[in-house]
Amino acid sequence: MNVPGSDKYLSNLISSIWGATRRSFAALLPAECFLCGAEGDIDVLCAACIAVLPRWQAARACPVCALPDTGGGRCARCVGAPPAFDATIALFDYAFPIDRLVHALKYHGALDLAGWLGDRLAGRAGDGWDTVLAVPLHRDRLQERGFNQSLELARPLAGSGALSIHRQVLRRRATPSQAGLGAPARRRNLRAAFKVDVDLEGRHVLVVDDVMTTGATLDALAAALKGAGAERVVNLVVARTPSTV
Ligand SMILES: [Zn+2]
Ligand SMILES: [Zn+2]
């Protein structure tokens, strides 16, 4: 039994004292770079690792979907079937070691990375947005993961003065398949994936996400936001994959 004087009580007491001691020592140790383990006065990543991150090059990417290496022109897909969003800005190409950082954030709850990446997103976003929105997770996924990584990334943008509408946009289900649908049915199908409970008439909306792959989810969300009146929808993502397949 866990009563004072029992073995169980004593071992609990020892382990809680040990835990507290370890935590206080950890606070005194120098910070370690998340990627290379270098120690020092480091905020998540060391300067050497930051210098070699695969930065996304706006001048060489599709201005609509951020696909890298189009020479700065619209990619074939954005010309043939333009998505509902107007533009996309990325911080990095989705390549090593950014893929590792995003994975650690998403699947291992490394939330200090979200703060670090979110600060960079906020720096890139600039001003001029009426509304900022993190891509919502479906309720089931949120329960399973315990947090929405896009919302964690968007937190540093909350101070920009833009209205946050995270509570007014719900994700109904995973992005539906678009295969075999004509354009009007495709739009209806896409819009149905999200429910927007706010009037966005004339608003410029900035949508924050971690990785953009096919862009189908962001297309669905932009379609729903425009259905609610948004005039312009721009995606701001941590990383863009080099192809849409
Ligand atoms: Zn490093
Ligand atoms: Zn494109």
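The structure contained in this document is the topic of the report that follows.

So, the overall build of the chain
Okay, step 1: If you tally the helices and strands in the chain, you get nine helices and nine strands.
Okay, step 2: Here the chain holds 245 residues, and the buried ones make up 43% of them.
Okay, step 3: Looking at the chain alone, contacts between residues at least 24 apart form 71% of all its contacts between residues at least 6 apart.
Okay, step 4: When the accessible surface of the chain is totalled, it reaches about 12900 Å², and 54% of it is carbon and sulfur.

Side note on helix α5 (residues 111-125)
Okay, step 1: For α5, which comprises 15 residues, the first-to-last C-alpha distance of 20 Å matches the rise-based estimate of 21 Å (1.5 Å per residue) to within 8%.
Okay, step 2: Tucked inside the fold, the buried residues of α5 contact α2 (47-51), β3 (87-93), α4 (98-108), α7 (149-154), β8 (204-212) and β9 (232-240).

What to know about the pattern of salt bridges
Okay, step 1: Counting across every chain of the model gives six salt bridges.
Okay, step 2: For Lys226, the salt bridge is made with Asp86, and the minimal N-O distance between the two is 2.8 Å. Remark: Asp86 occurs in the loop between α3 (76-80) and β3 and Lys226 occurs in helix α9 (residues 216-227); sequence separation between them is 140 residues.
Okay, step 3: Given the relative accessible area of 27%, Lys226 is considered partly exposed.

Some details on the sheet that holds β3
Okay, step 1: The strand order across the open sheet built from five strands is β3-β9-β8-β4-β5, with neighbouring strands paired in parallel fashion. In this open sheet, the two edge strands, each paired with only one partner strand, are β3 and β5 (163-164).
Okay, step 2: Pairing analysis gives eight bridges linking β8 to β9, with the strands arranged parallel. In the sheet register, Leu206 faces β9, and the bridge partner there is Val234.

Focus on the coordination of the zinc ion (ligand 1)
Okay, step 1: Within the protein, the atoms that donate to the zinc ion (ligand 1) are Cys33 (SG), Cys36 (SG), Cys46 (SG) and Cys49 (SG), at distances of 2.3 to 2.4 Å.
Okay, step 2: Taken in chain order, the donor set of the zinc ion (ligand 1) reads C-x2-C-x9-C-x2-C.

Comments concerning the nonpolar core
Okay, step 1: Formed by 37 residues in total, the largest nonpolar core has its most connected members in Leu45, Leu121, Leu153, Leu157, Leu206 and Val238.
Okay, step 2: Of all the elements in the fold, those that place two or more residues in this core are β3, α4, α5, β4 (131-134), α7, β8 and β9.
Okay, step 3: Ranked by residues supplied to this core, first place goes to α5 with six residues.
Okay, step 4: With sequence-adjacent residues up to four places away left out, Leu153 is seen in contact with Leu105, Ala114, Leu117, Gly118, Leu121, Val208, Asp209, Asp210 and Val238.
Okay, step 5: Counting residues in each nonpolar core, the second largest holds 36 residues, with Val64, Ala90, Val196 and Ala222 among its members.

Describing the side chain of Thr241
Okay, step 1: Relative to the elements of secondary structure, Thr241 occurs in the segment after β9.
Okay, step 2: At a separation of 3.3 Å, a polar atom in the side chain of Thr241 contacts the side chain of Arg240.
Okay, step 3: Side-chain polar atoms of Thr241 contact the backbone oxygen of Ser243, separated by 2.8 Å.
Okay, step 4: If we skip the residues at most four places from it in the chain, Thr241 touches Leu67, Pro68, Tyr94, Val211, Met212 and Thr213.

Here we look at the environment of Ala95
Okay, step 1: With respect to the helices and strands, the residue Ala95 is situated in the loop between β3 and α4.
Okay, step 2: Ala95 gets classed as partly exposed once you look at its relative accessible area, which sits at 30%.
Okay, step 3: The spatial distance from the C-alpha of Ala95 to the C-alpha of Leu53 is 8.8 Å, given a sequence separation of 42 residues.

Re the environment of Thr70
Okay, step 1: One can find Thr70 in the loop between α2 and α3.
Okay, step 2: Sequence-wise, Thr70 and Ala59 are eleven residues apart; in three dimensions their C-alpha atoms are separated by 9.1 Å.
Okay, step 3: Setting aside its immediate chain neighbours within four residues, Thr70 contacts Arg60, Ala61, Cys62 and Cys75.

Definitions and limits used
- Residues numbered from 1 in each chain as written.
- Chains lettered and ligands numbered in written order.
- Predicted model: local features only at pLDDT ≥ 70, side-chain atom pairs only at ≥ 80, totals over all residues.
- Heavy atoms only, no water.
- Helix = DSSP H or I, 4+ residues; strand = E, 2+ residues; numbered from the N terminus.
- Buried < 20%, exposed > 50% of the residue type's maximum accessible area, 1.4 Å probe, protein only.
- Contact = heavy atoms within 4.5 Å.
- Areas by Shrake-Rupley, 256 points an atom, 1.4 Å probe, with all protein chains shown as cover.
- Expected span 1.5 Å × (residues − 1).
- Salt bridge = Lys/Arg side-chain N within 4 Å of Asp/Glu carboxyl O.
- Pairing = 2+ DSSP bridges.
- Donors = N, O, S within 2.8 Å, 3.2 Å for Na, K, Ca; no water.
- Core = buried A, V, L, I, M, F, W, Y, C linked by side-chain atoms within 4.5 Å.
- Polar contact = N/O pair within 3.5 Å; in protein donor to acceptor, adjacent residues only side chain to side chain.

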